[in-house]
Structures are given as C-alpha cells and as structure tokens.
Amino acid sequence: MNIGDFAFLIPLLPALAFVITLFFGKRLYSGGALIPIGAIGASFIISLLITINILQNPDQVIHQSVHWFAIFNLGILIDPLAAVMLTMVSFVSLLIHIYAIGYMEHDPAKPRYFAETSLFTAAMLGVVLSDNILQMFIFWELVGLCSYLLIGFWYQKPSAAAAAKKAFLTTRVGDVMFLAGIIILFASLFQAFHGEVPEGVYLLQFSEMFNHIDALAAMNATILGMEVSHLTIIALLFFGGAIGKSGQFPLHVWLPDAMEGPTTVSALIHAATMVTAGVYLVARTFPMFLSAPDALIIVAYLGGFTALFAATMGLVMNDIKRVLAYSTVSQLGYMVLGLGMGAVVGLEAIGVSMFHLINHAFFKALLFLCAGSVIHAIGTQDMRQMGGLLKAMPITAGTMLVASLALAGFGIPGTSIGTSGFFSKDAIIETAFVFGEYSHDWIPYIFAILAALLTSIYIFRLFFMTFTGKSRNNAKAHEAPSIMTVPLLILAVFSLVFGALTLKPFIAFMERTFDNNVISLNIEHLATLGNYDLVLEHGPEPLFILWLPVIVAVAGLLISYLLYYKQVIDVSKVVSRENPVYKLLYNRYYQHKIFTELLATRIVYELISLSADYFDRKFIDTIVDGIGKITMSAGNFMRKIQTGVVQNYVAAVVAGVGLLIILFRLIVEVI
Amino acid sequence: MIPIISLMILIALIGAIVTIFTKTKEHARIIALVTSVVTLVGSLYMFFNFDSQSAALQFVDTFEWIPSIGVSYTVAVDGISMPLVLLTSIVIPLIVLYSWNESKNPGKFYGMILATYAGVIGVFTAMDFFLFYVFWELSIIPMFFMINMWGGPEKAYASIKFLLYTHVASLVMLLGIFGLFFGAYFQAGITTFDIPTLLSQYQLFESELARTMIFIALLIGFIVKMPAVPFHSWLPHAYVQAPTAGTILMAAIMSKMGAYALFRFILPMLPFSGSADLMITVLAALGVLSIIYGAFLALAQDDIKRMIAFSSVSHMGFVTLGAVALIPLSVSGAMFQMFSHGIITCLMFMAIGAIQTSTGTRLISELGGLAQKMPKLAFLMVAGFMAYLGLPGFSGFIAEFTVLNFSYISLPGYVLVALIAIVITAAYHLWALQRAMFGVYNEKLGNEIRDITNLQTFSMAVFALLALYFGLNPSPVMDMIITNAEQIVGLMATAGV
C-alpha cells in the first residue's frame, strides 16, 4: 500500500467532520471540536508522510484522476509545491482548532463554528491538491463560502453581516476574472485541438495546459488595437482571481473588514491559509505566467505596490486586528512581488515566494492568536485601551515578541541566525535586487525596502502599545489557559527556527515542481516565449544589500521605541484630524467611500438598477397594459356588430379560416 | 410493455378530478399525495431504465386519435424530456407536502396542482402537435385559477394578465402549428400533426417567407412562456401574486415548457428559418439581455419574491444563450440549467413562502435578523441562495459553467458580457440575506415568529440535497442530455449552420 493511495482522505476527512459536527456537535464535548481536530490531525499525518516521500524522490509525484462529467475530470496532484502547502495548511489548521477550544469556550454556537472551520480546511486542502483548474476553482469558491460564513459568524452584529457580504462580493469580482480565464483557456485549448478532444484527455488538467503552452503562445488577440498573447490574457485573468483572494490592490478592501469574525478565523483564514490561495494559484500556473509576455512584470509591480500601500495604513490603525490585517495584505504583496521576480530568476521565484508564504503562515497565525489571547483576556480590540499587559500575560507577550521579530525580519545576514521572517522576506528583497540589477528597474526593490521599514514600525507600535506602558483598561488581565498557550509556543518555535533550518533545501525542492513523472517542462524555453531573460546564476549580493533589510528593521524598531515606549514626542499631536496625511491614512485612502458608497450604492444600485426597475415598470409594462386597453376599447367598438345570430358567427368563422388558408397558400405558391 | 407515460398522465388527471370533488382537506391532500407519489414511481422507473446512449424516443406509446385530420396520440421521452419529466414528478409531491395545511378550498387547490401536473407531463412527452397544444392549454388554465382563487391582493389583475399574455402567445404558436400542418399538406399532401414528420417536412418548404413566419410564430409562443426579456412583464405579477405552490409550478416547471420547446422545435428548425445567423444573433442577445437585465432588476427589488422572480428571468437567460451557441456541450449545459433551475427555484420560493406566512410580509425593509428566530429556515435559505447564485458544489454551477464555458467557443462576446451578471447575482442574493436574515432582529415583527414546520423542512431539504447531489454528480442527468444535444447539433451541422 502506497501512502499516495490515501491522498483523497486529506480533504475528505475534514469534510466528513463538517457534516458530523454540524448535525451532532451539540451533544459532543466542546461543540464537537474533537472531531475536526481528529480529522485534520489525520490529514496532517497523511500530508506529512506524502511530503517525506516526495522529498526523498521528487520525480515521483502523486497523480490520480477520474472522469467526472462531460469532458471534465476530478483528480489529485501532489507535487513538491502541493505537498508543502498541504502540510502547512493542515498543521496550522490543527493548531488553531486546538486553540479555538479555549478561545470559543463560551460561545453557544460552537458546533457551527467547528463545522464551518472544518469545511474550510477541507476546501482549502482541496484547492491545494487539485489536478485541474476547474476543480481548483470549485474548491476556491467553497473556500470563499466558508470565509463568508465565518466572517459573518456572529451574524447578529450588523457590521459582521456587512463585512461578510463585502468579502464575498469583492472576492467574487476576482473570481469572475478567474472564471473568465478558465473559459478563455478552455476555448483556446479547444481551438488548439481543432475542436476534437480525444476521449480521456482533460483539457483543464495542469499537465495538459502546460504541455500545450507552445500552441497557446502562438495565439494572439487584438485588444484596443494592441496585439496581446492569449497566454497573457489568461495569466492576467488568473492573477485577477489571485488579487481578489489574496487581497492585492485594489481588491484588498475586504480583508481588514473581515476581522469582524472570531480571531481564530482571522488567524486561520485571513492570515495563514485562504488568503495565500491566490499566491498558490499563481505558483501553480507559473509556467503560464513565465511564457506570457509582460504578465510577470505586472504581477511584480502590483505586489510591490500592495506591500507598501497596505503598510502605510497599518501605521495608523488602532484596532489590533486591523493592524495585523493590513500587515497580512502587505506581506501577501511581498509574496506576489516574489512571484513576479520570476521574470529574472525563473523558478527560483516560486521557491522564495512559497518560502515566505509558509513562514508567514507561522508567524502571522501566531500574531493573530496572540492578539486573540489579549482580546480574550481584556475584551477589547482597541489598542488605545490596552497597555501594560506584559506582566499579566508573559507567554502571550513573549510569543508575540517572537512573531513581531519574525515579521520585521530580524537576523544576522551571512549566518544562519535569524527568525523565519528574516530568511524569507530577505530572500524576496534580495531577488528584487537581482531583478533591479539585471533589468535596471529598481521600483520593486524600492517598494520592498520601504515596506520593510514601515512593517517594522507598525508591528512594534502594536507591541509597545499593547504590552508596555501603563494599563489603560480596568479589566483584570490573565494569561490564557494552556490549551491556548501551547499552540502559541509551538508556532513561536516554528517562527524562530523554520527559516534557518530549511532555506536552501526548501527553495531547491520547490524548483523541482515542474520536473517529474507527470509534468516535465523546459523552463528556459518557456521564458523565451514570454520574452524574459533569465539569470541562472547570481552571486552573493554586496554586503550593504544583505544588511539593508536588517538595518531598516532595526530603524523601525527604534522609531517605534522612541515614539511609543519612550514617547519622546507627543504622538497625539501628529495623530490628529488636522493632519491631512494622517486623515488620508486613517480613512484608508477613502476606499470605503469610493467602492462601497460611490461604486456599489450610487452607481450600480441607484443609477443602473433602480432606473432599470423604473424603466421596466413604467415603460415595458405600460406598453403591455396599453395594448390590453387598446384591445378593450376596440372590443367595445366592435361589440356593435355582434348580432347574436349564430349563423352569422359561423359564417364569419368559416370566412376567416378560409381567408387564412388562401393567404397561406398564396405565400407558399407565390414566393 | 406498460404505457407508463400515458398512465402517469391518466393517474394525474383522475387524481385531479377526484380531488376537486372531495369535501375535506384531509381527503384531498392524501389523494393528491398518493397520486403524485405513484406517478413519481413511474417516472423514476423510466429514469433508471432510460438508455442514455440512445437519442431515439423511448417508452413510446401511440395510437390513432382523429385519423381524418392526421391527429395521433403519441407520447414518448428522450434525453431532452426525461430530465424534465423527472423534475416535474419530484416537484409535485413536495409541493403537496409543503402546502399540507392549505385550508381554503383544499379540494380544488390540490386538484389544480394535479391538473397542471397532467398538462405539463403531456407537454414534455407529446410527439404530436395537436396533442402538444391540448396539453399546453391544459397547463395554463388551472394556473389561471390558482392565481385567481388563492392569490395575493392583486390576484385578479395578475391572473388575467397571465392568462391573456400567455394565451395570446399560444395562439400565435397555434398559427405556427397550422402553418406547419398546411405547409406539409399543400406541399407533400400529408395530413399529419406528428412532430418528427412535420419538422422534417418543414425543411422542404419551398417558400422562405413561410418558413420564416412559421419559425417566428412558434418562437413567440415559446419565448413568452419562458420568458425572455422583453416579453417578461406578466411574470413578476403572476409569480408574486400566486400562492407559493402556484409560483413554484410556474417558476420551476412551466417556465421549462417554453424552454423545452426551444430544443424540441426551434433548434431543429433554426437552420431552415431563412436567416439563421440573424436569428442566432437575436436569440443570443435576448439571452444575455435576460441575464443582465434580470439581475439588475432583481437588485432593485424590495419585495423578496419579486426579486427571485427576476432572478428566475436572469437564470433562464442562460438556457437561451447556451441553446443558440450550438456547441453540443453548451446545448447540454442549457438543458441542464432547466433541470437545475427547476430544483433550486423550488427551494427559493418555499423559503420565501415560509417567511411570508410567519411574518406576514415579504418586504426586505420590513424584515431583519430573522435567522435568530428561524434558524432552520435560515440554514436552508442560505443553502438555496448559494445554490442560486451559482456556488460550485450545487447543480447551478455545473449548468452555468457548462453554458458559459462552451458558449464562449462560438459566442465569445456575449459570454463576456454575461459574466458581469455573476457579480450582480451574488450581490442581490447576499444583500437580501444580510438585510432580511442577519443583523439585529426587527422587533416590529413581534415575538410570535415560529420556525418552519417539519414537513416544510423536509420538502426544502430534499431540494437542497438534490441540488447538492446533481452539483457533485451531474452525470446521471447530463449523460442523457448530451446524447440528444449531440444529435441536435449534428443535424444542424449537416444543414450547414
């Protein structure tokens, strides 16, 4: 028996746990929490064993496929990329489920909570191991559903109900682009097959897609007078899906609002796993991006911009979870930026980006869970009402410090001493430097460095405001129970050492993703299709470049230390409604006004929808009723020729039918 | 060989007549339930014994009826009609269960449901134009009474509008049928109403004008019934005023009559209609217009039943779009959409009916926070809304994805426009949920609100599970559809479209 034969259980077990917990959770311990925990634990073990197998033998990936309907299939593909993602998702999900036993202890709707998070885990694992893009899209949407349900978990709160809707609709915009990408991809492949798809060939399988990249590259469409490759269109539409799910500019607006859900949900879905699905999608379809001209450059710019843009807003938020939410958006920007660097470094981009994805999952989940521990203890999310929690909550504070150091990227270049975030984020920043060196385009690098500075400032602002100084709150804070602190400690260990232990082998392992018994691609050839000049060897970067990220991180720490710990200047003077920069940031660049009030309410609802309704009632329906009225008055007039003599009627009917027949005959014969 | 289809129609008719004359609610509903369950068994028997590999007519039952004018009684099913017969026979017993406590004229109420049932099964299976028309009318008349006797405040206006609008359309359709009949008579000397014969004769008509006019006459009859924008204005009135059972009959089943005819008559005739390309363009445009316009109108509604009514228009647009894209699998997707929409729409209107009976209002602005008082309804309603907005995992996604994906091959521009509607569709569904079901409970609704009954839960859960089942495993229905879709498109391809 091969462990790969059990791969289908990875998403199936949590899905079954969903059904059981939903219907029988009420009668079980802690709302049935143990069922998802057991199921996800089993998924984690299977994933881990599979990963170990693939690590030993990266050529032999797991691929299974069955016919589904029409000309589509369902299948499992576990290659290096999927394997590490599966392991990470099931692992983090397991820890957060355990933590949630403590965190959700007093919530009466626990069974629903555990059922939904379990379904989420199943769907997320499904996204990861799909062997075709349609199935991936299906799980992708299910993940979105779970996100909707869990953001709106406390649906009695109007703000939660609104946030859930906003999240679903905003990501839906991305999803439609993703769907359009699939449709165009299918039509293009269908054309490549000249409309004759042999039995047993499933066009939307990743392996089929990649094998026909040459044919796709030959197809061009003209948009607004520009010749655009089909591949670029498809890749960018997929990227549209990623923008929605992974909270990239301009569709990031839902993610901060999503913090209305329980903190464990934010940690699991809106930090560690679901929001990385977009990054995973781009990595999964990376060969298409690599052979699509211009696509990777757009990816790089958007990622870099998002990293910086979100960080600016993270500086001024007062809600502890919102700071972390903007931080997530910003870090996702880094991952996307890392993928875009594939324009120069090829497959290494997947390695650095995925490496940051995994490390980020650890330390960001940890940050959220620590925040959850604080919220659990004092019952507010507003950092202005926190402070001085260090003594009361030493474990939380300690693990939070570890996570903050990891996020800010503290470490010593040239050695293997450093937090996970140091190794992963610096890998992206260094790749951006390589990109700048070879393409003389320094913008991504500048974005990345500036964002690193801001990251350090906002995260230590959060730390100092929450844990140091005087308590600004009357609640009696206490350390969380051990069911919550143990997951914190485990995540803290990973945030500290995972990066240092795995950097080089991890990236090398990722680069093996597209070279195995199922998919074997010539990367250099693909890059020439996309007009990218790959740099295969890039030596050690200058010392200053290696140290710069650490320098800005320390600078950020110092700034925060001076402002929020020593309080050398009175921050409240800067932070006032009078200051236009602060106002702009605090109002989040007026996105809410632009998207929700102007676009959604004014334009879509009031301008288009209500006027269509008016048109329908007043115009179309009036015409119909008008015809009725005309007929009635005509009838009233015609009534005068009603004689009441049956013979007359019969004569009229016969004449009428006769006329019709003659008319018809004429038509038939004359023409 | 037992004539199953004829027996189903006969049982439904007898059941209808008997029920009308019963005195008590208890008798009426039991007879209605037994009748519909017996016919369901027949329908399931056909479904499981249906040969999905064959495009030919199956379970044929035929005899001469009025030989002098070539009228025969022929009923049969193929891959186009089998899913719809199945759908109908699943829906009817559940409607009866859902409206188990109807106490206003119960005998006539259940009788009308069964009469409509007989008519609809007849429409889907009749292979003779004369018979087809008889059943077509048979299904409209009981529906008129349904709206007129059990409807809401504006029932008189709505029922008359429904009757006149659809009736005028069916008269135009009748003219088209006469055209076919006389055309065949004049040209080949055949007197027959047999559908396959007349359709093959139609291709041979020399006069292009006659062909075009017959085509348009039939098309008008069907497209009003579906309905497609701009012939939809009877729909919001009829759907909203009808009692829940009536709305479900109209939305889930009767709207499929027009759509069914699209595949049975319009597509085989299309290549010979004189200007096939123009017709395709017009129909594709009407389909996309229905999708988009219906979605925006749904967004504007405060009455949640009216919202779902327009949503229904929007969803039926996919049927038109997929049908005229003329790719075997886009046509299949369109047919699957009929089946899927039939299932999901039942769930939607049942949920709204439940809201109305327990709160006394359907206006979203007067609701709020209902989920706290009606958790079972909220659960099923969220499932229904998700299925309706095309969430993968439910049958609606399979249908819409298949339509969009394959229509893009021949009608790319139209599909790209239709994609916009996906966001709008999600928007009005979720917005309605947010305002009606979530948030703070609206105290004005009082404390008397009770959750749905067990029978209602059961009926709605069956539809939710069916939508889920066919969303995960569409093949049982899809396979039989594909066989016939390939045949239709194959015939058209030989005709050069």
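Residues numbered from 1 in each chain as written. Chains lettered and ligands numbered in written order. Predicted model: local features only at pLDDT ≥ 70, side-chain atom pairs only at ≥ 80, totals over all residues. Heavy atoms only, no water.

### Observations concerning the overall build of chain B
Then step 1. Broken down by element type, chain B carries 18 helices and two strands.
Then step 2. Against the compact-globule benchmark of 23 Å for 497 residues, chain B has a radius of gyration of 22 Å, which places it among compact chains.
Then step 3. Taking the principal axes of the C-alpha coordinates as reference, chain B spans close to 70 × 55 × 40 Å.
Then step 4. Once local pairs closer than 6 in sequence are excluded, the contacts in chain B between residues at least 24 apart make up 80%.
Then step 5. When the accessible surface of chain B is split by element, carbon and sulfur atoms take 68% of a total near 15,100 Å². (Helix = DSSP H or I, 4+ residues; strand = E, 2+ residues; numbered from the N terminus. Rg over C-alpha atoms; globule rule 2.2 N^0.38 Å. Contact = heavy atoms within 4.5 Å. Areas by Shrake-Rupley, 256 points an atom, 1.4 Å probe, with all protein chains shown as cover.)

### With respect to helix 11 (residues 263-272) of chain A
Then step 1. In terms of burial, helix 11 of chain A is a largely internal element, 10 of the 10 residues being buried.
Then step 2. For helix 11 of chain A, the elements touching its buried residues are helix 3 (80-103), helix 4 (110-129), helix 5 (133-151), helix 10 (254-257), helix 15 (320-340) and helix 17 (348-378) of chain A. (Buried < 20%, exposed > 50% of the residue type's maximum accessible area, 1.4 Å probe, protein only.)

### Focus: the domain arrangement of chain A
Then step 1. Domain parsing of chain A yields domain 1 (294-515 + 542-583) and domain 2 (593-670).
Then step 2. A straight line from the C-alpha centre of domain 1 of chain A to that of domain 2 of chain A covers 66 Å. (Domains from an automatic or database assignment.)

### As for the pattern of salt bridges
Side-chain pairs of opposite charge can arise whenever the charged atoms involved come near each other.
All names here are of chain A.
Then step 1. Enumeration over the complete set of coordinates arrives at 10 salt bridges over all chains.
Then step 2. The salt bridge partner of Asp59 is Arg512, with a shortest N-O separation of 2.5 Å. Of this pair, Asp59 sits in the loop between helix 2 (34-56) and strand 1 (62-67) while Arg512 sits in the loop between helix 21 (482-510) and helix 22 (523-529), and the two are 453 residues apart along the sequence.
Then step 3. Judged by relative accessible area, which is 29%, Arg512 ranks as partly exposed.
Then step 4. With a closest N to O distance of 3.0 Å, Asp382 and Arg384 form a salt bridge.
Then step 5. Connected through shared salt-bridge partners, Lys166, Asp257 and Arg322 make up one network. (Salt bridge = Lys/Arg side-chain N within 4 Å of Asp/Glu carboxyl O.)

### Quick look at empty space enclosed by the protein
Residues and elements named next belong to chain B.
Then step 1. This model, assessed by the stated rule, comprises four cavities of 30 Å³ or more.
Then step 2. Space inside the largest cavity adds up to approximately 190 Å³.
Then step 3. With five residues, helix 15 (residues 395-410) is the largest single contributor of residues to the lining of the largest cavity.
Then step 4. Considering only residue class, the lining of the largest cavity consists of 12 nonpolar, five polar and four charged. (1 Å grid on protein atoms, 1.4 Å probe; cavity = no way out; pocket = protein on both sides within 12 Å on 5 of 7 lines; lining within 4 Å. Points joined across faces, edges and corners; volume = space filled by probe spheres on them. Nonpolar A, V, L, I, M, F, W, Y, C, P; charged D, E, K, R; others polar.)

### With respect to the pairing of strand 1 (residues 58-66) of chain B
All names here are of chain B.
Then step 1. Bridge analysis of strand 1 against strand 2 (residues 71-77) gives six bridges, and the strand direction is antiparallel. Counted as the bridge partner of Gln58 is Val77 from strand 2.
Then step 2. The antiparallel hairpin formed by strand 1 and strand 2 contains four residues in its connecting segment, where Gly70 sits at a positive phi of about 75°. (Pairing = 2+ DSSP bridges.)

### Section: the interface of chain B and chain A
Then step 1. Across the contact, 65 residues belong to chain B and 55 residues belong to chain A.
Then step 2. Buried area between chain B and chain A, summed over both chains or domains, comes out near 5,200 Å², and the portion from carbon and sulfur atoms is 76%.
Then step 3. At the surface where chain B touches chain A, the tally comes to zero salt bridges.
Then step 4. Seen at the junction of chain B and chain A, the total is nine residue pairs in polar contact (both at pLDDT 80 or more).
Then step 5. It is helix 16 (residues 412-436) of chain B that provides the largest number of residues to the side of chain B that touches chain A, a total of 10 residues.
Then step 6. Looking at side-chain class alone, the side of chain B that touches chain A contains 46 nonpolar, 17 polar and two charged residues. (Buried area = accessible area lost by both parts, 1.4 Å probe. Polar contact = N/O pair within 3.5 Å; in protein donor to acceptor, adjacent residues only side chain to side chain.)

### Topic: the nonpolar core
What tends to happen in soluble globular proteins is that the nonpolar side chains get buried as a cluster.
Then step 1. The biggest cluster of nonpolar side chains holds 467 residues, and the ones touching the most others in it are Ile78, Phe238 and Met354 of chain A together with Phe263 and Met437 of chain B.
Then step 2. A total of 21 residues in this core trace back to one element, the largest contributor, which is helix 17 of chain A.
Then step 3. When we break this core down by domain, the ones giving at least three residues each are domain 1 (294-515 + 542-583) and domain 2 (593-670) of chain A.
Then step 4. When near neighbours in sequence (up to four residues on either side) are disregarded, Phe238 of chain A contacts Ile133, Phe178, Gly181, Ile182, Leu185, Met209, Leu281, Thr285, Met288 and Phe289 of chain A. (Core = buried A, V, L, I, M, F, W, Y, C linked by side-chain atoms within 4.5 Å.)

### Here we look at the side chain of Thr232 of chain A
All names here are of chain A.
Then step 1. As for its position among the elements, Thr232 is in helix 9 (residues 230-245).
Then step 2. Under the relative-accessibility criterion, Thr232 is labelled buried at 6%.
Then step 3. Once you skip the residues sitting within four places of it in the chain, Thr232 turns out to touch Ala292 and Pro293.

### Let's talk about the packing of aromatic side chains
Then step 1. By the definition in use, this model includes 67 aromatic pairs over all chains.
Then step 2. With 5.4 Å between their ring centres and 80° between their planes, Phe178 of chain A and Phe238 of chain A make a pair best called edge-to-face. Here the residue Phe178 of chain A occupies a position in helix 6 (residues 158-192), and Phe238 of chain A occupies one in helix 9, the gap between them amounting to 60 residues.
Then step 3. The aromatic ring of Phe206 of chain A is capped on one face by Arg284 of chain A, whose charged end is 5.4 Å from the ring centroid.
Then step 4. Lying across the ring of Tyr441 of chain B, Lys373 of chain B places its NZ or CZ 4.8 Å from the centre. (Phe/Tyr/Trp six-rings, centres within 6.5 Å; stacked < 30°, edge-to-face > 60°. Lys NZ or Arg CZ within 6 Å of the ring centre and 35° of its normal.)

### Overview of a nonpolar patch on the surface
Then step 1. A cluster of nonpolar side chains, namely Phe8, Leu12, Leu16, Val19, Ile20, Phe23, Phe24 and Leu28 of chain A together with Phe379 of chain B, defines an oily patch on the protein surface of about 830 Å² accessible area.
Then step 2. With six residues, the single largest contributor to the nonpolar patch is helix 1 (residues 9-24) of chain A.
Then step 3. Looking at Phe23 of chain A, the relative accessible area reads 52%, which means it is exposed. (Patch = residues over 30% accessible without salt bridge, like charges linked within 9 Å, V, L, I, M, F, W, Y side chains within 5 Å.)

### Describing the environment of Ile551 of chain A
Then step 1. Here Ile551 of chain A lies in helix 23 (residues 543-565).
Then step 2. For the pair Ile551 of chain A and Ala452 of chain A, spaced 99 residues apart in sequence, the C-alpha separation works out to 9.8 Å.

### Observations concerning the packing of helix 26 (residues 591-638) of chain A against helix 6 (residues 155-188) of chain B
Between two packed helices, the angle of one axis relative to the other and the distance separating the axes together describe the packing.
Then step 1. Closest axis-to-axis distance for the helix 26 of chain A/helix 6 of chain B pair is 12 Å, and the angle between their directions is 75°. Taken together, helix 26 of chain A and helix 6 of chain B sit at an angle that is classed as roughly perpendicular. On helix 6 of chain B, the residues touching Asp621, Val624 and Asp625 of chain A of helix 26 of chain A are Tyr157, Lys161 and Tyr165 of chain B. (Axes fitted to C-alpha atoms, helices over the stretch in contact; angles between N-to-C directions. Parallel < 35°, antiparallel > 145°, perpendicular 65-115°, else oblique.)

### Some remarks on the pairing of strand 4 (residues 226-229) of chain A
Residue and element names in this part refer to chain A.
Then step 1. Bridge count between strand 3 (residues 220-223) and strand 4: four bridges; the pairing is antiparallel. Counted as the bridge partner of Asn220 is Ser229 from strand 4.
Then step 2. Connecting strand 3 to the next strand, strand 4, in antiparallel fashion are two residues, including Leu224 with a positive phi near 50°.

### Details of unusual backbone geometry
Then step 1. That bond from Phe249 of chain A to Pro250 of chain A is cis: its omega, 0°, falls within 30 degrees of zero.
Then step 2. Mapped onto the elements, Pro250 of chain A comes out in the loop between helix 9 and helix 10.
Then step 3. For the bond from Met226 of chain B to Pro227 of chain B, the omega torsion is -15°, close enough to zero to count as cis.
Then step 4. Locating Pro227 of chain B in the fold gives a position in the loop between helix 8 (208-225) and helix 9 (234-241).
Then step 5. Although it is not a glycine, Phe59 of chain B sits at a positive phi angle of roughly 55°.
Then step 6. One can find Phe59 of chain B in strand 1.
Then step 7. Overall, Phe59 of chain B belongs to the buried group, its relative accessible area being 15%.

### What to know about the environment of Asp175 of chain A
All names here are of chain A.
Then step 1. Tracing the backbone through its elements, the reader meets Asp175 in helix 6.
Then step 2. Residue classification places Asp175 among the buried residues on the basis of a relative accessible area of 5%.
Then step 3. In the structure, Asp175 is positioned 356 residues away from Asn531 in sequence and 28 Å away in space, judged by C-alpha atoms.
Then step 4. Separated by 2.8 Å, the side chains of Asp175 and Trp140 make a polar contact.

### Quick notes on the packing of helix 11 of chain A against helix 17 of chain A
Residues and elements named next belong to chain A.
Then step 1. Close contact between helix 11 and helix 17 brings their axes to 9 Å; oriented N to C, the two are set at 160°. In terms of orientation, helix 11 and helix 17 fall into the roughly antiparallel class. Crossing handedness for the pair helix 11 and helix 17: right-handed. Residues Thr263, Thr264, Ser266, Ala267, His270, Ala271 and Ala272 of helix 11 touch helix 17, and the partners they reach there are His360, Ala361, Lys364, Ala365, Phe368, Leu369, Gly372 and Ile375.
Then step 2. Counted by class, the contact of helix 11 with helix 17 contains eight nonpolar, six polar and one charged residues. (Left-handed = near helix turned anticlockwise from the far one by under 90°.)

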